[in-house]
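Listed below are the residues making up each chain.
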Amino acid sequence: MTEETATGPTDRGVGPDKGAREKGSLPRGKWANNKEFLLSMTGVIVGFGSLCHFPFLCFKNGGAVFLIPYFVILMFFGLPLFFLETALGQYTSEGGVTAWRKICPMFEGLGIATQMIVFYLNTYHVVWLAYAIFYLVNCFKSPLPWTSCDNWWNTDSCHSHVSAFANPHMFRPDFNWSFLNNITSSEFFENDSFFSSNETDQDQMAVPEVEFWMNRVLRMSGDMSLGTVHWDLALCLLLAWLICYFCVWKGIRSSGKVVYFTATFPYLLLLLLFFRGVTLPGAATGLGYYLTPDFSRLADPFMWLDAMTNVIYSYALSHGVLTALGSYNRYNNDCYSAVSRCGLVLFSRRDCLVLCGLNSATCIFSGVVVYSVLGFLAEQQGMAVGDVAAAGSSLAFIAFPVVLSLLPAPSFWAVVFFLMFFFLGLDSQFLCVEGLATAITDMFPRHLRRPGAREILVLVMVVVFFLLGLPLVTEGGIVIFYLVDNYGASPIGLLFIACLECVIIAWVYGADRFYDNIEDMIGYPPFPVLKYCWLFITPLLCGVTFLYNLSAIHSINVYGYQPGSWGPKFGAVLIAVPLMCIPLFVLVSLWRNAQNMTTPSSDLRQARPHKPLLTLCKYVIVKSQGPPARTVDDSNEKMRMEEPSGV
């Protein structure tokens, strides 16, 4: 099915911009300048995981030696896929669904699958913003409520940091601080799983910061039933969604301006915490644990799997958001960068490469902040850094509050930290909403590119996601959160989608044709190794990691509670529903127009329509499909229409 046919997308109102520009409709917007694009992409890929998960992975996997598999995976998996998704959006000027419809109509379901995963993320990721707001509000109380044992949520076994010195059993070398090791088998975009699979015993609950998190914030029911909604958290959730709404309600006209603040302000706060952290006693010891290399770990396959999983989450791959943000670029924007003659990628001032470099640098720098603070905590508690090393919720809501309470002016540093934590997640959240809104708008442009339609669409989305998020802030909501996090945003689905993206572009659409499209956009050919990554290396890495994750599925455990058989079944449904869209839409495409299932849209600009789609070692693997109905000269009109409007 293509747009050349009478029954194609153009007739149904989902074709190119010119088909959508009826009387009263609005043109598809463009970034006012390249800074808005770069800052938006930065906001998506730099999130909770940069602060809460990557540093712990370095500590867990041999310190600085973890950077070796990390950068290897980044170069042969992360960067090729990151560039593919961004360039796809820029080339088609479409969101995460219609971009795939134009490239290869039979795989429109791949775009639907990515948006369903973004739907999951929009439902539960915002809860972390609600928690951050809740803590931020409590930062203005004196003393900080998580530093004392004189509150209604504290138990009789609670010991404050002052009275704890009268209880030396808590500081024995064999004391169990494993509650800080909050790592699960799955991670978030952005981003990672924050819940512990370890049961918290009575001695561990003696720490006031833990009791505040468990008894004041989560307030779990004994049987983990949903119970009642915690309305204070619900109000925080509502506030988080209101902020997100006003960040994206006008599309890139609003989000493109908001990211100037939301994408840069966390770096200022992170810098403040860096200078404070490295000047604390014990910081050098913590940094030693973080960076000291253990080269024997290179032979451990689990370290490479950790690197693979971390890259796919931290770079927001297989979510469709990169495609949506790239679609607002001008056609001739250089979304790639310069490549050295010797074949080494250079981090220049341009787009994809500088973004990947910035994200990696942020992860490493965040690790310096985290482990300088944990080194101080270990020295204050008289323990080894390894005993207090933490990630996820334990780092954000237990370890850091402990450290901040020991500093002079603890309220100030608590405000700094939770503001940073909030803004790290905010732009990731509202840009995921932007990506989903873009996909829906591009599917129905004749209805949704009209004055006021965008605001109504985003409002409906926000209301729906808020209502779906209410069960997550109930007495047993943490179990639902964990299931959606562990299965809905599972690496199983993301890796399958990533593998299929490479196969479609490289083998079905044609790697050589996509290279020609990119050269036509940016003015020069990208590095040739990218072609072979798309053809062989990236799909192979995806396939191996996918099979491992598929074989490593295990039962979940949330703070000592293990769901019955309904838990894995519910999780299997969350994984299967997005992936089922792919074969379903193949069948739909077969029914609609079997002759043109792999023929790209005639609206797409083709610079070399007679060239073979794929060649290897000078052998033609896939022949040309022939020239499209639209020529290069005809497509020049598209480029003129895509000049930024300056809004």
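Residues numbered from 1 in each chain as written. Predicted model: local features only at pLDDT ≥ 70, side-chain atom pairs only at ≥ 80, totals over all residues. Heavy atoms only, no water.

1. A short note on the state of the cysteines
Summed over the entire model, instances satisfying the criterion amount to 1 disulfide. Unpaired in this structure, C247 has its nearest cysteine sulfur neighbour in C244, at a distance of 6.3 Å. Taking the relative accessible area as the measure of exposure, C247 reaches 7% and is therefore buried. Of the cysteine sulfurs around C432, a residue in no disulfide, the closest is that of C244, at 9.9 Å. (Disulfide = S-S within 2.5 Å. Buried < 20%, exposed > 50% of the residue type's maximum accessible area, 1.4 Å probe, protein only.)

2. Some remarks on unusual backbone geometry
A cis amide bond links S142 with the next residue in sequence, P143, at an omega value of -5°. Mapped onto the elements of the fold, P143 is located in the loop between α8 (126–138) and α9 (208–218). Positioned with a positive phi, A316 is a non-glycine residue whose angle comes to about 55°. Turning to its location among the elements, A316 is positioned in the loop between α14 (301–314) and α15 (321–326). Positive phi outside glycine occurs at S318, with the angle close to 65°. Secondary-structure assignment places S318 in the loop between α14 and α15. The buried category is assigned to S318, whose relative accessible area is 0%. (Helix = DSSP H or I, 4+ residues; strand = E, 2+ residues; numbered from the N terminus.)

3. As for the packing of helix α7 (residues 108–124) against helix α25 (residues 566–593)
Look at α7 against α25: their axes get within 6 Å of each other, and the N-to-C directions meet at 160°. For the element pair α7 / α25, the angle class is roughly antiparallel. Classified by chirality, the crossing of α25 by α7 is right-handed. Every residue of α25 that contacts α7 at E108, G109, L110, I112, A113, M116, I117 and Y120 is listed here: V573, L574, V577, P578, C581, I582 and F585. Across the contact of α7 with α25, the residue classes tally to 13 nonpolar, 1 polar and 1 charged. (Axes fitted to C-alpha atoms, helices over the stretch in contact; angles between N-to-C directions. Parallel < 35°, antiparallel > 145°, perpendicular 65-115°, else oblique. Left-handed = near helix turned anticlockwise from the far one by under 90°. Contact = heavy atoms within 4.5 Å. Nonpolar A, V, L, I, M, F, W, Y, C, P; charged D, E, K, R; others polar.)

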